[in-house]
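A look at the structure
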Amino acid sequence: MAIIEAKRLTKIFGPDPKKAIPLLDKGWSKEKIHAETKLTVGVNQAEFAIEAGQIFVIMGLSGSGKSTLVRLINRLIEPTSGQILFNGTDVLRMNPEQLRQFRRKNVGMVFQKFALFPHRTVIQNIEYGLEVQGIDKKKRRDMAMQSLELVGLSGWENSYPEQLSGGMQQRVGLARGLANDPDVLLMDEAFSALDPLIRKDMQDELLVLQSKMKKTIVFITHDLNEALRIGDQIALMRDGSIVQIGTPDEILMQPANKYVERFVEDVDLSKVLTASHVMEKAETITIERGPRVALQFMRDRGVSSLYAVDKAMNLLGVITAEDASRALKEGLSLQEVLLQEAPIASPEALINELFEGMGSSKLPVAVVDGGNRLLGVVLKGAVLAALAGNTVFGAGDSA
Ligand SMILES: Nc1ncnc2c1ncn2[C@@H]1O[C@H](COP(=O)(O)OP(=O)(O)OP(=O)(O)O)[C@@H](O)[C@H]1O
Ligand SMILES: [Mg+2]
């Protein structure tokens, strides 16, 4: 079951907001509704389901409704209509006490502006939320220290925010969001104010934290590369509506419409595409065969080398046509002419890394999983095409 689910979740800003609902039903745009009624569509009938443990990224241009959407989840902004479910419970039906509990125990929030208290030390900032909850001094200090350690700031507990760099301050914000060990962490542009290298470090750390702690994270960004790097699912918003939800691969390769297509057009593919995206089927031969069979296979398939594998598809090495001919002449087995220095890569290897590794070798790169099972092969041409933006897969349907 999804941990968070939204059904036709809608927020209209302005007086008498409900009068815009039938207009949305009629398909009126945000612009038209504003022109006719002066009401602003913040979020338009959003539907999504977030599985526990996912990083769900919400992206879109400024004003597209990201912050509004994330605040509807914990009712920091009260929805105009629709439903929001937490583990199947309707958040909109919670009474004030239940809602308070929900916000304290189940959700944490991290903002772009770290919103740290300047007159409080790092540790006092982190334990602020716990203090408000009335957790006793010793317990909250322990929880806060644990959280501090998680974000790699041990030793800084008695410093003041102004003594910390921006990146460190953001870690304090993150530690504060994690202090009550919430199920769900809502992060609104949490890394956007950081400079690029620190930002990348923080993304990596978030991924590590995520794999350790299995939190569900709703992460807002308007940076597509960031979304592609960390998202399990990405929801792309426009004018309050979600125009597509998909995995990073789906967003890149099957954009739902022209809008998404334009959005992803400028992505630096070399930093996003991996070996698994560009690999092709490898031509293989089991090692017990003889050189004559190997040569026959090569002729039939129009290739000049074969990957030698065992019956479980584990990669043993490469047989080139030259070596197979030599084996045939000299009465050797394939095992004896096997080349073992074939370049290999994992399916997650980025193609710009592949490209660097390819330089010297005439052989394609074999893609193997952690257990050395052969998954496919990457040819230089495919990497060059992908780097040039001529993706080898379809550009997707356009609406
Ligand atoms: N309190 C408010 N009163 C009126 N309109 C609002 C309010 N908050 C947001 N809006 C409007 O709702 C829409 C969505 O705003 P929102 O802040 O959610 O966008 P965003 O995607 O987070 O943008 P950004 O990337 O700039 O943070 C905008 O048109 C905005 O003007
Ligand atoms: Mg915002």
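Residues numbered from 1 in each chain as written. Chains lettered and ligands numbered in written order. Predicted model: local features only at pLDDT ≥ 70, side-chain atom pairs only at ≥ 80, totals over all residues.

In the annotation of an unreviewed UniProt entry, the protein chain is listed under the name Quaternary amine transport ATP-binding protein and assigned to Paenibacillus harenae. Reading the Subcellular location (unreviewed entry) entry of the UniProt record for the protein chain gives the comment "Cell inner membrane". Among the UniProt annotations of the protein chain, the heading Sequence similarities (unreviewed entry) holds the following wording: "Belongs to the ABC transporter superfamily." (UniProt positions renumbered as here; feature names shortened; annotations may be inferred.)

1. Observations regarding the nonpolar core
Counting 96 residues, the largest nonpolar core has Val218, Ala366 and Val378 as the members making the most contacts within it. If one sorts the elements of this core by residue count, strand S3 (residues 55-60) sits on top with five residues. Residue-level mapping places this core at the junction of two domains, with at least three residues from each of domain 1 (2-268) and domain 2 (276-387). Residues in contact with Val218, not counting those within four places in the same chain, are Ile50, Phe56, Ile58, Val70, Ile73, Val184, Leu186 and Met187. Membership of the second largest hydrophobic core comes to six residues, among which are Ala20, Leu24, Ile33 and Leu39. (Core = buried A, V, L, I, M, F, W, Y, C linked by C-beta atoms within 7 Å. Buried ≥ 20, exposed ≤ 12 C-beta atoms within 10 Å, placed from the backbone. Helix = DSSP H or I, 4+ residues; strand = E, 2+ residues; numbered from the N terminus. Domains from an automatic or database assignment. Contact = placed C-beta atoms within 7 Å.)

2. So, the domain arrangement of the protein chain
In many analyses, interface size is given as the accessible surface area lost on bringing the parts together. Domain assignment breaks the protein chain into domain 1 (2-268) and domain 2 (276-387). Taking the mean C-alpha position of each, domain 1 and domain 2 sit 45 Å from one another.

3. Section: the sheet that holds strand S2 (residues 40-51)
Taken together, the four strands give an open sheet; going across it, the order is S2-S1-S4-S5, and neighbouring strands pair in antiparallel fashion. The open sheet has two edge strands with one neighbour each: S2 and strand S5 (89-90). When strand S1 (residues 2-13) meets strand S4 (residues 81-86), the two strands line up antiparallel, connected through five bridges. Bridging across to S4, Ala6 finds its partner in Ile84. (Pairing = 2+ DSSP bridges.)

4. Considerations on the sheet that holds strand S8 (residues 216-221)
With respect to topology, six strands assemble into an open sheet ordered S6-S7-S8-S3-S9-S10, the strand pairing being mixed. The sheet is open, and its two borders are formed by strand S6 (107-111) and strand S10 (241-246), each paired with just one other strand. Averaged over neighbouring strand pairs, the angle between their axes works out to 15° when direction is ignored. In this structure, S3 lies alongside S8, joined through five bridges in parallel fashion. Looking at S8, one finds that Phe56 is bridged to Val218. Seen against the sheet, helix H3 (residues 66-73) touches S3, strand S7 (184-188), S8 and strand S9 (233-238) and runs at an angle of roughly 160° to S8. (Axes fitted to C-alpha atoms, helices over the stretch in contact; angles between N-to-C directions.)

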